[in-house]
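Residues per chain are reported as follows:
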Amino acid sequence: MTAMFPNRAGGYVGEALWDVQAIIGDLDPQWIGYYFDPSQVTGDMEIALRLVLPRLKAVALQDYVWVKAGNAWKMQVCPLGEGMVDWTAFFRILAEAKFSGPVSIHQEYRAQDEVGAMNKDLEFVRKHVKQAWGTA
């Protein structure tokens, strides 16, 4: 069992990963680390991922696009591969780090065929895992 700090955009503790590092830095990495979601990164995803790798416990997978709502822009989740996350880089970095922890696929978007959307997202992840880790 381990505690995980999620990175969550929108003014939450965890949005700035270096702030979380200040909170958990002196605690044993065996017992506390990060639950990392590339769609919630504010800034450069690759830099953020490399920062959390030594304490990475699990990853959440969801994608997003920016949509204009009135005069403001807001993040809107979408199916994996249809948004702005650089999945090739994300999975490459995980593979290079030999990450083997839990992966959670989030389906927080509306889909007419929910089961079909789940299968599509799962196949998307399988394709990227196979590409990054190879067939071995």
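To be clear, the structure that these remarks concern was listed above.
Residues numbered from 1 in each chain as written. Predicted model: local features only at pLDDT ≥ 70, side-chain atom pairs only at ≥ 80, totals over all residues. Heavy atoms only, no water.

Undergrad: Quick rundown of the side chain of His128? Include the residues and the values.
TA: Here His128 shows up in helix α4 (residues 114–133). Overall, His128 belongs to the buried group, its relative accessible area being 7%. The contacts of His128, once residues within four sequence positions are left out, are Trp87, Thr88 and Phe91. (Helix = DSSP H or I, 4+ residues; strand = E, 2+ residues; numbered from the N terminus. Buried < 20%, exposed > 50% of the residue type's maximum accessible area, 1.4 Å probe, protein only. Contact = heavy atoms within 4.5 Å.)

Undergrad: I'd like a description of the packing of helix α3 (residues 87–96) against α4, backed by residues and values.
TA: The relative placement of two packed helices comes down to the angle between their axes together with the axis-to-axis distance. It is at 9 Å that the axes of α3 and α4 come closest, and there the two elements cross at 50°. What the angle tells us is that α3 and α4 run oblique. In the packing of α3 onto α4, the handedness of the crossing is right-handed. Only Phe124, Val125, His128, Val129, Gln131, Ala132 and Trp133 of α4 make contact with α3, whose side of the interface consists of Trp87, Thr88, Phe91, Arg92, Leu94 and Ala95. Residues of the contact of α3 with α4, tallied by class, amount to nine nonpolar, three polar and one charged. (Axes fitted to C-alpha atoms, helices over the stretch in contact; angles between N-to-C directions. Parallel < 35°, antiparallel > 145°, perpendicular 65-115°, else oblique. Left-handed = near helix turned anticlockwise from the far one by under 90°. Nonpolar A, V, L, I, M, F, W, Y, C, P; charged D, E, K, R; others polar.)

Undergrad: Before we move on, can you summarise the pairing of strand β4 (residues 63–69) with the specific residues and values?
TA: As judged from the seven bridges shared by β4 and strand β5 (residues 72–78), these two strands associate in the antiparallel manner. When the sheet's bridge partners are listed, Tyr64 is paired in β5 with Val77. The hairpin formed by β4 and β5 contains two residues between the paired strands, and Gly70 there has a positive phi angle of roughly 70°. (Pairing = 2+ DSSP bridges.)

Undergrad: With reference to specific residues and values, describe the packing of aromatic side chains.
TA: For the structure on display, the rule yields seven aromatic pairs. Here the aromatic rings of Trp87 and Phe91 are separated by 5.9 Å at their centres, their planes lie at 35°, and the arrangement is tilted. Here Phe91 and Trp87 lie together in helix α3, a separation of four residues that amounts to about one turn. Residue Trp87 is classed as buried on the basis of its relative accessible area of 4%. (Phe/Tyr/Trp six-rings, centres within 6.5 Å; stacked < 30°, edge-to-face > 60°.)

Undergrad: Provide a residue-level description of α3, including the pertinent values.
TA: Most of α3 sits inside the fold, with seven of its 10 residues counted as buried. On its buried face, α3 sits against β2 (32–36), α2 (45–52), β3 (56–61), β4 and α4. A positive phi of about 60° marks Lys98, the residue just after α3.

Undergrad: So what's going on with the pattern of salt bridges? Which residues, and what values?
TA: Pairing is possible between side chains that carry opposite charge, provided their charged atoms lie close to one another. Per the stated rule, a full pass over the model turns up four salt bridges. Arg92 is paired through a salt bridge with Glu46; the nearest N and O atoms lie 3.7 Å apart. Pair noted here: Arg92 is in helix α3 and Glu46 is in helix α2, with a separation of 46 residues, a long-range link. Glu46 sits in the partly exposed class, given a relative accessible area of 28%. (Salt bridge = Lys/Arg side-chain N within 4 Å of Asp/Glu carboxyl O.)

Undergrad: I'd like a rundown of the packing of α2 against α3, residues and numbers included.
TA: Remark: α2 packs on α3, axes separated minimally by 10 Å, with the N-to-C direction vectors making an angle of 20°. If you check the angle between α2 and α3, you find them roughly parallel. Read as a crossing pair, α2 and α3 show a hand that is right-handed. On α3, the residues that touch Met45, Glu46, Leu49 and Arg50 of α2 are Ala89, Phe90, Arg92, Ile93, Leu94 and Glu96. Residue composition of the contact of α2 with α3, grouped by class: six nonpolar, no polar and four charged.

Undergrad: With reference to specific residues and values, describe the sheet that holds strand β1 (residues 3–6).
TA: Strand order in the open sheet made by the four strands is β1-β2-β3-β6, with parallel pairing throughout. The open sheet has two edge strands, β1 and β6 (103–105), and neither has a second partner. Here the strands of the sheet are splayed against their neighbours by 25° on average, with no regard to which way each runs. As judged from the four bridges shared by β1 and β2, these two strands associate in the parallel manner. Residue pairing across strands places Ala3 opposite Ile32, the latter belonging to β2. In this fold helix α1 (residues 17–24) packs onto β1 and β2, with an angle of close to 160° to the strand it touches most, β2.

Remember that the coordinates give geometry; whether it matters functionally is a separate question.
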